[in-house]
Amino acid sequence: MYEYILLLLSPIIEPIISGDTWPLIMRFMPFIIFYELPYTLLIYAGVMKYIWERKREGQRRDYFPPVSCIITCYSEGREVQGTIRSLTEQIYPGKIELIAMIDGASRNRDTYEAALDMKDYVRGIENRRLEVVPKWQRGGRVSNINTGLNYVTGEIVFVLDGDTSFDNNMVERAVRHFEDPSVAAVSGCLRVRNADSSLAASLQAVEYFISIQTAKTGLSEFNIVNNVSGAFGIFRRSVVELVRGWDAGTAEDLDMTLRIKQYFGRSNGKFRIIFDPEAMGHTDVPDTSYNKCSR
């Protein structure tokens with residue numbers, strides 16, 4: 001077995017051992033020239049296009065439809081209150097409906113009770129409503145989202161993680177895109193909240209900036225966003241109903257993105273999936289390499 005593995009890896013290992021690394025470099029050169037370089041140039045061209053068009057963007061029009069936020073909760077405990085508070089305090093004049101879906105509520109009483117404790121706070125703010133829905137048996141994230149769809153009343157549906165907080169203009173920034181009827185979904189931008197806690201967290205913050213904020217900003221300008229974030233996705237409700245919600249047993253965020261593209265592709269319909277770097281959310285990441293691997 002070991003001999004077979006060494007035989008497979010020998011073309012890569014031998015040049016390194018012998019010190020002759022040039023053949024190894026040449027093997028990866030086509031990948032760099034024909035994939036990585038064009039991809040990087042495409043992203044930077046898209047970023048420049050975004051900056052140019054953002055400077056020319058006109059005044060925000062009065063488009064404030066009612067929105068529904070499905071907050072998927074499992075074991076966040078008191079942290080879910082930060083998520084609910086940041087959504088309640090949005091500077092958005094339209095109605096915001098918060099639906100906290102507590103998966104496995106029989107085992108996650110702390111999270112369930114923490115969400116219930118926020119009801120009076122939310123009730124005291126105009127155009128805000130909180131619905132706490134316990135799912136006593138754990139069904140998983142997809143089951144949680146699909147159940148939450150039965151409670152939504154807004155035109156725009158936000159699907160959010162229960163441990164993520166948001167800038168207070170996030171809803172306004174995300175919703176403005178849906179004034180264009182061709183926009184099917186918007187992917188929000190995530191940043192690392194605990195970047196200063198350790199070197200591992202700081203490196204992940206850099207990774208988030210490059211792979212999410214920069215890359216998706218560029219790809220969005222050419223309508224080739226490859227994935228709407230599962231932790232921070234915004235959808236037109238009518239589009240979600242057309243594709244019949246989320247599919248269980250898959251990577252639900254990528255699956256939903258692909259099914260939206262396939263639906264409009266089959267019908268030859270015009271659609272857009274947008275990434276907005278100004279619709280900002282903040283999340284914690286594992287602060288050690290061990291925790292990251294465990295996750």
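Residues numbered from 1 in each chain as written. Predicted model: local features only at pLDDT ≥ 70, side-chain atom pairs only at ≥ 80, totals over all residues. Heavy atoms only, no water.

### So, the overall build of the protein
Along the protein, the regular secondary structure elements total 11 helices and eight strands. Taken over 295 residues, the protein has a buried fraction of 46%. Here the analysis covers contacts within the protein between residues at least 6 apart in sequence; of these, 80% occur between residues at least 24 apart. Carbon together with sulfur atoms contributes 57% to the accessible area of the protein, which is approximately 16000 Å² in total. (Helix = DSSP H or I, 4+ residues; strand = E, 2+ residues; numbered from the N terminus. Buried < 20%, exposed > 50% of the residue type's maximum accessible area, 1.4 Å probe, protein only. Contact = heavy atoms within 4.5 Å. Areas by Shrake-Rupley, 256 points an atom, 1.4 Å probe, with all protein chains shown as cover.)

### Section: the confidence of the model for the protein
Residues of the protein with pLDDT of at least 70 account for 84%, and the chain-wide mean is 85. The element-level mean pLDDT for the protein is lowest in helix α11 (residues 289–294), coming to 51, with helix α7 (residues 170–175) highest at 95. (pLDDT = per-residue confidence, 0-100.)

### Structural notes on a nonpolar patch on the surface
Taken together, the side chains of Val 206, Phe 209 and Ile 210 define a hydrophobic patch exposed on the protein surface, amounting to about 290 Å² of accessible area. Within the element layout of this structure, Phe 209 appears in helix α8 (residues 199–220). On the basis of relative accessibility, which here comes to 46%, the residue Phe 209 falls in the partly exposed class. (Patch = residues over 30% accessible without salt bridge, like charges linked within 9 Å, V, L, I, M, F, W, Y side chains within 5 Å. Salt bridge = Lys/Arg side-chain N within 4 Å of Asp/Glu carboxyl O.)

### Overview of the packing of helix α3 (residues 79–88) against helix α4 (residues 109–116)
It is the contact of α3 with α4, at a shortest axis distance of 8 Å, that shows an interaxial angle of 30°. As far as their axial angle goes, α4 and α3 are roughly parallel. In this structure, the crossing between α3 and α4 has a hand that is right-handed. Residues Val 80, Gln 81 and Ile 84 of α3 touch α4, and the partners they reach there are Thr 111, Ala 114 and Ala 115. (Axes fitted to C-alpha atoms, helices over the stretch in contact; angles between N-to-C directions. Parallel < 35°, antiparallel > 145°, perpendicular 65-115°, else oblique. Left-handed = near helix turned anticlockwise from the far one by under 90°.)

### Quick word on unusual backbone geometry
Excluding glycine, residues mostly carry a negative phi; peptide bonds, for their part, are mostly trans. Here the phi dihedral of Asn 127 falls at roughly 65°; this positive angle occurs in a residue that is not glycine. Looking at the element boundaries, Asn 127 is found in the loop between α5 (119–123) and β3 (128–135). Looking at Asn 127, the relative accessible area reads 29%, which means it is partly exposed. Positive phi is not limited to glycine here, since Asn 223 has a value of about 55°. Mapped onto the elements of the fold, Asn 223 is located in the loop between α8 and β7 (232–236).

### A look at the sheet that holds strand β4 (residues 156–161)
Strand order in the open sheet made by the eight strands is β3-β2-β1-β4-β7-β6-β8-β5, with mixed pairing throughout. The outermost strands of the open sheet, each flanked by one partner alone, are β3 and β5 (165–166). Here nine bridges tie strand β6 (residues 183–192) to strand β8 (residues 272–283), and the two strands are oriented parallel to one another. Bridge assignment links Leu 190 to a residue of β8, and that residue is Gly 281. (Pairing = 2+ DSSP bridges.)

### Quick word on the pattern of salt bridges
If you walk through the whole model with that rule in mind, you get 21 salt bridges. Across the pair Asp 117 and Arg 78 runs a salt bridge whose closest N-O atoms are separated by 3.3 Å. With a gap of 39 residues between them, Asp 117 in the loop between α4 and α5 and Arg 78 in the loop between β1 (67–73) and α3 connect regions that are remote in the sequence. Taking the shortest distance from any N to any O, the salt bridge between Lys 135 and Asp 103 comes out at 3.4 Å. With Lys 135 in strand β3 and Asp 103 in strand β2 (residues 96–103), this residue pair connects regions lying 32 residues apart in the sequence. Judged by its relative accessible area of 13%, Lys 135 falls in the buried class.

### What about the packing of aromatic side chains?
Aromatic ring pairs are described here by two measures, namely the spacing of the ring centres and the angle between the planes. Summed over the entire model, instances satisfying the criterion amount to six aromatic pairs. On the numbers, 5.5 Å between centres and 80° between planes, the contact of Tyr 112 with Trp 136 is edge-to-face. Of this pair, Tyr 112 sits in helix α4 while Trp 136 is found in the loop between β3 and α6 (141–149), placing the two residues 24 residues apart along the sequence. The class for Tyr 112 is buried, based on a relative accessible area of 14%. In this structure Trp 136 comes out as partly exposed when scored by relative accessible area, which is 38%. Both rings, one in Tyr 263 and one in Phe 264, keep their centres 5.5 Å apart while their planes meet at 85°; by these two values the pair is edge-to-face. For Tyr 263, a relative accessible area of 27% gives the class partly exposed. Site record: aromatic cluster; members linked through ring pairs are Tyr 263, Phe 264 and Phe 271. (Phe/Tyr/Trp six-rings, centres within 6.5 Å; stacked < 30°, edge-to-face > 60°.)

### Details of the side chain of Gln 213
Within the secondary structure, Gln 213 sits in helix α8. Among the polar contacts made by the side chain of Gln 213, one reaches the side chain of Arg 191 at a distance of 3.4 Å. Apart from the residues lying within four places of it in its own chain, the contact partners of Gln 213 are Cys 189, Arg 191, Tyr 208, Phe 275, Pro 277 and Met 280. (Polar contact = N/O pair within 3.5 Å; in protein donor to acceptor, adjacent residues only side chain to side chain.)

### Considerations on the pairing of β8
Counting buried residues in β8 gives 10 out of 12 residues, a clear majority hidden from the surface. Pairing of β5 with β8, which is carried by two bridges, proceeds in the antiparallel orientation. Each bridged residue has a counterpart across the sheet, and for Phe 166 the counterpart in β8 is Gly 281.

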